[in-house]
Every structure is written in structure tokens, then in C-alpha cells.
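# Fold and contact review
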Amino acid sequence: MTRNAVQWTSPPQLPADHYIDSQVYTSQEIFDEEREKIFARTWKFICHESELPNPGDFRSVEHVGIPLVVVRGPDGTVRTFVNACSHRGAKLVNEPRGNTKHFTCFFHLWSYDTGGRCIEITREEGYKQCGLTKDDCGLRKVRTEIKLGMVFINMDDQAEDFDTHVGNAMDDLLEPMGTQPMEVFHFHRVLMHANWKQWHETNMELYHEWGHVVNRTTSVAVPGYHDRKWKIHPSGHGSLEPLKVQYSNYKGWDQRENLTLPGLSPGEFRVVDLFPNTTVIVRATTIRIDTSIPIAPGITLLEQRGLGVKGESAQDRAHRQHHHNQFWGPFGRNLAEDVIFVEAVERANRHGGARFGIIARHEELKSQDDEIMRAYYRTWGRYMEREASNPLGAREGQAVPVARRA
Ligand code: FES
Ligand SMILES: [Fe+2]
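Thresholds applied
Residues numbered from 1 in each chain as written. Chains lettered and ligands numbered in written order. Predicted model: local features only at pLDDT ≥ 70, side-chain atom pairs only at ≥ 80, totals over all residues. Heavy atoms only, no water. Salt bridge = Lys/Arg side-chain N within 4 Å of Asp/Glu carboxyl O. Helix = DSSP H or I, 4+ residues; strand = E, 2+ residues; numbered from the N terminus. Contact = heavy atoms within 4.5 Å. Expected span 1.5 Å × (residues − 1). Buried < 20%, exposed > 50% of the residue type's maximum accessible area, 1.4 Å probe, protein only. Arc of directions from axis to C-beta. Polar contact = N/O pair within 3.5 Å; in protein donor to acceptor, adjacent residues only side chain to side chain. Axes fitted to C-alpha atoms, helices over the stretch in contact; angles between N-to-C directions. Parallel < 35°, antiparallel > 145°, perpendicular 65-115°, else oblique. Nonpolar A, V, L, I, M, F, W, Y, C, P; charged D, E, K, R; others polar. Phe/Tyr/Trp six-rings, centres within 6.5 Å; stacked < 30°, edge-to-face > 60°. Lys NZ or Arg CZ within 6 Å of the ring centre and 35° of its normal. UniProt positions renumbered as here; feature names shortened; annotations may be inferred. Pairing = 2+ DSSP bridges.

Moving on, we come to the pattern of salt bridges. If you walk through the whole model with that rule in mind, you get 30 salt bridges. Of the charged contacts, one joins Lys366 and Asp227 as a salt bridge, the two residues approaching to 3.9 Å between their closest N and O atoms. Here Lys366, found in the loop between strand 19 (356–358) and helix 9 (371–384), pairs with Asp227, found in the loop between helix 6 (213–218) and strand 13 (230–232); they are 139 residues apart in sequence, far enough to count as distant. Here the salt bridges do not stand alone but share partners, grouping Asp17, Asp369, Glu371, Arg374 and Arg378 into one network.

Before going further, it helps to examine the side chain of Asp172. Its location among the elements puts Asp172 in the loop between helix 3 (162–166) and helix 4 (174–178). When sequence neighbours within four positions are dropped, the list of residues in contact with Asp172 reads Lys231, Ser239, Leu240, Arg270 and Val272.

Let us now look at helix 2 (residues 28–39). Between the first and last C-alpha of helix 2 there are 15 Å, a value that for 12 residues agrees with the 16 Å anticipated at 1.5 Å per step. Along helix 2, the residues that are buried comprise Ile30, Phe31, Glu33, Glu34, Lys37, Ile38 and Phe39. With its buried residues spanning 170° around the axis, helix 2 presents them on a single face. Residues of helix 2 that are buried in the fold lie against helix 1 (23–26), strand 2 (44–48), strand 3 (57–63), helix 5 (196–202), strand 17 (286–296) and helix 9. Here helix 2 starts with a cap whose side-chain oxygen sits 3.1 Å from the backbone nitrogen of Glu29, and that cap is Ser27.

As a packed pair, helix 2 and helix 9 sit with axes 9 Å apart at the nearest point and diverge in direction by 85°. Judged by the inter-axis angle, helix 2 sits roughly perpendicular to helix 9. Across from Ile30, Glu33, Glu34, Lys37 and Ile38 in helix 2, the residues of helix 9 making contact are Trp380, Tyr383 and Met384. Residue composition of the contact of helix 2 with helix 9, grouped by class: 5 nonpolar, no polar and 3 charged.

So, about the packing of aromatic side chains. A complete count under the given rule lists 14 aromatic pairs for this structure. The interplanar angle of 80° and the centroid separation of 5.6 Å between the aromatic rings of Tyr19 and Phe356 together place this pair among those described as edge-to-face. Pair noted here: Tyr19 is in strand 1 (residues 19–21) and Phe356 is in strand 19, with a separation of 337 residues, a long-range link. Each member of the pair, Tyr19 as well as Phe356, is classed as buried. The interplanar angle of 25° and the centroid separation of 6.4 Å between the aromatic rings of Phe106 and Phe107 together place this pair among those described as stacked. Residue Phe106 is classed as exposed on the basis of its relative accessible area of 61%. Ring pairs connect the aromatic residues Phe275, Tyr376, Tyr377, Trp380 and Tyr383, which therefore count as one cluster. Directly above the ring of Tyr247 sits Arg283, whose terminal nitrogen or CZ lies 5.3 Å from the centroid.

Residues annotated by UniProt as "domain: Rieske" (unreviewed entry) correspond here to residues 43–153. Taken end to end, residues 43–153 comprises 0% helix and 42% strand; its first and last C-alpha atoms sit 5 Å apart.

Of all the 6 residues making up strand 16 (residues 278–283), 6 are buried; the element is thus mostly covered by neighbouring parts of the structure. Where burial is concerned, the two faces of strand 16 agree: the one with Thr278, Val280 and Val282 and the one with Thr279, Ile281 and Arg283 are both buried. Sheet topology note: the strand 15 (residues 268–274)/strand 16 ladder contains 6 bridges and is antiparallel. Counterpart to Leu274 in the pairing with strand 16 is Thr278. Taken together, strand 15 and the strand that follows it, strand 16, pair antiparallel across an intervening segment of 3 residues. Pairing between strand 16 and strand 17: 6 bridges, direction antiparallel. From the neighbouring strand, Ile281 faces strand 17, where its bridge partner is Arg288.

What follows is the structure, encoded as C-alpha cells:
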């Protein structure tokens, strides 16, 4: 096999699913197509149901560029609607969150109840002649499913049902998230200069954990760290065998074994990666949910939620928040380090300086096997009808410019 003398002046001579062309992160064409072929067709985590605890609670969000409103109806059901008035299409709900009995459009005052029915048409008699009634004018419903308190939506009425899509991928979360009511106690957003897939990769590629102070201290030296195996699920999801780590090795760590979540032993760590861009990390006493909103090929809005037990004492909550924020809060160690990692990759990719990324490790599915990323990109390729190693078309035998010309 001929080797490249310098970094990837031609594609790596590896099997096609063992490397990624950085244009999957930088191309506007691919970014636009991901919105249409992936995000408009797959199940996307949108919020946790504890963010809508009471009837009438709503959150306005945006997905694939479309404004949506997620609302808990008087019957307790959480529903999602396209946030657009049926009259002339104005954005209906403009507050980020709140509680209401009905939504009234500010433009000409048509109103809707929280079940999406149109309940008021201004000067309705004017529509008698054409036969238009309130019954014709409900809000457009978006498919919504809740599993373990996580609210997922799908814009595509023809897409596979949620249970088929998720399969057994969330099984490791059943006990810690499903035994007692959980609630979001922490929410923050990070705008980063990186492609949305690069963040998801940080939650699948675990050899970068050596770069985290916390992980070096608590995890990488514990027995079994390298042996836990990935379970690769259909539809691009992955879950990692649990590991018991030594959080008490971290300076200032306040061990609270009584706060260990159901189904876990003290110090236990679990990860579930859901295609296309949601990760749930369970760490002994607290849970983190990552999801992202792609803004542009090299710009991503990351949302991070921290979960604890609903109804716990203020003292327990304070300890749990401390456990969460020490590692994962905006000023915790891990988040800032991961942002530095992914932005470094984006910085080199942006104009073609780094053209290929290697995902070629084989370790019999052990934690640092790249098969988890290969499986992810095979799923990405099925949706996109493109290969991540050659996403913009054939270039067999062609030299690859180190820098892309504008
Ligand atoms: S656009 Fe909403 S009432 Fe006219
Ligand atoms: Fe990380």
C-alpha cells in the first residue's frame, strides 16, 4: 500500500467508511441537504416534559428553520404545532415560554386553544359566503412522542414510528430516568464554531477523554475503562456498557452515594447516543442531555440540560447541581474543553486545511473502537445518499487540494 508522504494530498488509502471528508462539515450544499433529508425526516429531541409541568405551559422552538410551539393541553398531553397562524401565516407565539389558555395571533386576532383548534375567527360572518369555518383552521400538528420524559418530534408524517426508530437504544436509561419523576434543573446554550456532527462525535469518540482533566483523574485509569463495549443499534444510535469510575479522585468532589440514581451503583457512568444529534449521559447522581441546533456549516447552537429528581429536598438538589455543574456546567471543566477540541477541528477544516479525518480504529467494539462513528456515518450516508468519505462526488485518482479555492 502506498502511503501519503504529507497529510492527505489524496484520499487516505483506507476502506471508504474509515475516513471522513471534511466537506461533510464545511459544505453549504451538504448542510442544506441535511436539513431536508435528516432533520426534517427523523425524530429529534426537543425538550424534557418537566419543562412543561402544567396544563397551558408552552415553549416556542425552531426546528429545520420552522417555528414550532410545544404545549401541554388541559388533558395533560404534550403536543407540538407549527407556530404559524392559519389566517395569513404570521408567527403565532412569540414568547420563548409561558402559560396560556389560548394563543391569539397579534396580526388579526384569530385564536387557538392549546389543543390546536381554532376557537376565534375575527368577524367570522365574512367567511360564510365561501364556507370557511373555524373547524377548517386548526394549527398544523407535528408528530410528538415522549419516552422517559424526553419529548421527541418528527416533521415527517410518513417517517417510521418513534419506537421503531429508537429500538432498544434507550434501554440503559430505563431505570435511572424511568423509576422516579425527573426534572430539568439546569439549561444553558453554547454557540460554537463547529459543525453539529463534530459535537455529536465528541460524545461517541472516547479516546479524547485523555484531554479532560476530570476524566484523567477519575476514569481512564480505572479497571475496565478500555474494555466496556459499544452496543451499536439500528438507525445510527449507540450505547456504551456502564463503567464504575472514581469521582472521589477529583479534588473538591463531594461524594453523596445516597443520591445515586436508580439502577446505578455509586460512581456508575452510562452513555446513550441517539441519531442524529442527541446524547444522554448518566453519571451516578445526575444526567445530562445534549442536543444541538445547526445554524450554519461551521456554527452550532448546543443546548445542554441537567436533570435531577423531582421533589427532592433543597439540600439534595444543591448537591446534585454541584455534581452536575462541576463537570458539565458552563464553567465546569468538561464542556469548555470539548468546545476547544471541536473548534480546533473546525478551524483547520474551514478552508480545507485539514481535508480528511480518520475513523479507522478497531478494538472489537471496545470503548475506543471507531465502529460507533462508522455506524453513525453509514446511517448518515443512507439518509443523505452520499458517502461521508466522498460526499460531493467522484474524484477517483484526483489529487486533493490542500486548500479549497473559493
Ligand atoms: S395572520 Fe394571524 S390573524 Fe391574521
Ligand atoms: Fe469530551
